[in-house]
Protein chains: 2
Amino acid sequence: MNISTKTEYAVRALTELALNSADKPVSINDICKNQKLPVKYVEQLFRKLKQNGLVKSIHGAKGGYQLALEMYDISLKDIMEAVDENYVASFCNGNTKEHIYCLGLPCGFSKLWNEIKDHLEKYFDSIKLDQIVAKL
Amino acid sequence: MNISTKTEYAVRALTELALNSADKPVSINDICKNQKLPVKYVEQLFRKLKQNGLVKSIHGAKGGYQLALEMYDISLKDIMEAVDENYVASFCNGNTKEHIYCLGLPCGFSKLWNEIKDHLEKYFDSIKLDQIVAKL
DNA sequence: GGATAACATATTAAATTAGTATGAATTGGC
DNA sequence: GCCAATTCATACTAATTTAATATGTTATCC
């Protein structure tokens, strides 16, 4: 039950964009210099962020990334989902999507796990990038 | 950001106690037979649950475990904490307890991580064993 | 005294996560 | 046109964590 470093790195990187990419794109290199993050790892994260429509990119020299959405339209949940797939999915020992059976038996806990999952998703979705930046 | 199997197993095992250990102790063997869980693994979990005062034990033949507290005094947080130490602690890349520095730099995110941590702890503490049993 | 069951610890195995390596494709500036 | 900077893509390795097993000892009931 932890925030993964993937999520942490993504949040930190997106915060850099939020602060510096309004007019010009910012390169991963610059981001990683500022935040002391591993470049190649963060590259991977950014590809996922792009696939999920959170950032847009400009190729080639002087290229880089910019936010694709307004800060208040990017939630912590969006980030986690993009970067850390099934970030809150594998309850009930991950046996079925519907959580009706666990370990081959009808599972009485699906209700509980689903409620928790729901709560967490809503909570993380309520935290937006502009709020995160405001807390810095 | 998932419920560990440790927590899942512990919840399932404690539910068994909640339902069956009111008068007599219940053995780990019986619990694991019912819930199809690995005995030796669950043994370890129960030792931690005992250390944390959630269950009490009776040695020897006909022995086993019983809840040490009322069901409404055992929260999901208590269980997670007992069985899954630092279940929600390693934010901020786990570098310092206070989350004031990250990777050697003053960390602007400590506020965020701590708020999240706080929220999660309160949430999990609000879910009590009697409610879990009621949802079955 | 034998069966049952908690208690304790060490070890192995599996899975996940983090990070590196290598290289191709794209673009700006000289 | 070429070179540097940069995104894009994938494969691989290393580290860490988590799950589970193995091997016992100790206590208690019958």
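All of these numbers come straight from a predicted model, not from anything done at the bench. (Residues numbered from 1 in each chain as written. Chains lettered and ligands numbered in written order. Predicted model: local features only at pLDDT ≥ 70, side-chain atom pairs only at ≥ 80, totals over all residues. Heavy atoms only, no water.)

Visitor: Which parts of the structure should I look at to understand the interface of chain A and chain B?
Guide: The figure often quoted for interface size is the accessible area lost as the parts come together. Each partner contributes to the interface: chain A provides 41 residues, whereas chain B provides 41 residues. Across the pair Glu-115 of chain B and Lys-135 of chain A runs a salt bridge, and its minimum N-O distance is 3.1 Å. Inspection of the chain A/chain B interface yields five residue pairs in polar contact (both at pLDDT 80 or more). Contributing elements (two or more residues each) for the side of chain A that touches chain B: α1 (5-20), α2 (28-35), α4 (76-83) and α5 (110-125) of chain A. For the side of chain A that touches chain B, the element with the most residues is α5 of chain A, which contributes nine residues. Of the residues contributing to the side of chain A that touches chain B, the split by class is 25 nonpolar, ten polar and six charged. (Contact = heavy atoms within 4.5 Å. Salt bridge = Lys/Arg side-chain N within 4 Å of Asp/Glu carboxyl O. Polar contact = N/O pair within 3.5 Å; in protein donor to acceptor, adjacent residues only side chain to side chain. Helix = DSSP H or I, 4+ residues; strand = E, 2+ residues; numbered from the N terminus. Nonpolar A, V, L, I, M, F, W, Y, C, P; charged D, E, K, R; others polar.)

Visitor: What is the right way to read the nonpolar core from this model?
Guide: Nonpolar side chains tend toward joint burial in soluble globular proteins. If you look at the biggest cluster of nonpolar residues, it comprises 83 residues, and the most contacted ones within it are Phe-46 and Phe-124 of chain A together with Phe-46 and Phe-124 of chain B. The contacts of Phe-46 of chain A, once residues within four sequence positions are left out, are Ala-13, Leu-17, Ile-28, Ile-31, Val-55 and Tyr-65 of chain A. (Core = buried A, V, L, I, M, F, W, Y, C linked by side-chain atoms within 4.5 Å. Buried < 20%, exposed > 50% of the residue type's maximum accessible area, 1.4 Å probe, protein only.)

Visitor: Looking at this structure, I do not really get the packing of aromatic side chains. What am I missing?
Guide: Each aromatic ring pair is described using two quantities: the centre-to-centre distance and the angle formed by the ring planes. Residues and elements named next belong to chain B. Applying the stated criterion across every chain, the model contains eight aromatic pairs over all chains. Relative to Phe-124, the ring of Tyr-123 has its centre 5.4 Å away and its plane inclined at 50°; by these criteria the two rings are tilted. Assessed through its relative accessible area of 0%, Phe-124 is described here as buried. (Phe/Tyr/Trp six-rings, centres within 6.5 Å; stacked < 30°, edge-to-face > 60°.)

Visitor: Looking at this model, I keep getting lost on the packing of helix α2 (residues 28-35) of chain B against helix α3 (residues 39-51) of chain B. Mind explaining?
Guide: Axes are the key here: two packed helices are described by the angle between their axes and the distance separating the axes. Residue and element names in this part refer to chain B. The contact between α2 and α3 brings their axes to 10 Å, and the two run at 120°. It follows that α2 is oblique to α3 by the angle criterion. In terms of crossing hand, the pair formed by α2 and α3 is right-handed. For the pair α2 and α3, the contacting residues are Ile-28, Asn-29, Ile-31 and Cys-32 in the first and Val-39, Val-42, Glu-43 and Phe-46 in the second. Considering only residue class, the contact of α2 with α3 consists of six nonpolar, one polar and one charged. (Axes fitted to C-alpha atoms, helices over the stretch in contact; angles between N-to-C directions. Parallel < 35°, antiparallel > 145°, perpendicular 65-115°, else oblique. Left-handed = near helix turned anticlockwise from the far one by under 90°.)

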